[in-house]
Amino acid sequence: MSLHALDDIDDAISVTAAFCRGLAPRDWPKLALIALLSGGTAATSPLTGSTDVGGLFT
């Protein structure tokens, strides 16, 4: 059963490689911009830490 996942990865790699080989040089910056904008951000809010204030507001 787990070998099906490996087969899917192999298929995805081969399809991606075929797609990238078919790109013209002017298409690479477009693809890079799409990848950059669709990636989101890695920044997190500084307020996501612990909310323990040590009994200051009790």
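Below you will find a few notes about this structure.

A separate point is the overall build of the protein. Scanning the protein from terminus to terminus reveals 2 helices and 0 strands. A burial count over the protein gives 2% of its 58 residues as buried. Split by element, the accessible area of the protein, about 5500 Å² in all, is 67% carbon and sulfur.

Relative to the helices and strands, Cys20 is located in helix H1 (residues 2–21). Once the C-alpha coordinates of Cys20 and Leu31 are considered, the two residues, 11 residues apart in sequence, prove to be 9.9 Å apart.

On to a negative patch on the surface, then. A surface patch of like charges, here negative, comprises Asp7, Asp8, Asp10 and Asp11. Within the element layout of this structure, Asp11 appears in helix H1. Judged by relative accessible area, Asp11 falls into the partly exposed class, the value being 47%.

Inspection of every chain in the model, using the stated rule, returns 1 salt bridge. Lys30 serves as the salt-bridge partner of Asp27, at 3.9 Å between the closest nitrogen and oxygen. Of this pair, Asp27 and Lys30 both sit in helix H2 (residues 27–38), separated by 3 residues, roughly a single helical turn.

This part takes up a nonpolar patch on the surface. Taken together, the side chains of Leu3, Leu6, Ile9 and Ile13 define a hydrophobic patch exposed on the protein surface, amounting to about 410 Å² of accessible area. The topology assignment puts Ile9 in helix H1.

Cut-offs and rules
Residues numbered from 1 in each chain as written. Predicted model: local features only at pLDDT ≥ 70, side-chain atom pairs only at ≥ 80, totals over all residues. Heavy atoms only, no water. Helix = DSSP H or I, 4+ residues; strand = E, 2+ residues; numbered from the N terminus. Buried < 20%, exposed > 50% of the residue type's maximum accessible area, 1.4 Å probe, protein only. Areas by Shrake-Rupley, 256 points an atom, 1.4 Å probe, with all protein chains shown as cover. Patch = residues over 30% accessible without salt bridge, like charges linked within 9 Å, V, L, I, M, F, W, Y side chains within 5 Å. Salt bridge = Lys/Arg side-chain N within 4 Å of Asp/Glu carboxyl O. Lys, Arg positive; Asp, Glu negative; His and termini not counted. Charge placed at Lys NZ, Arg CZ, Asp CG, Glu CD.

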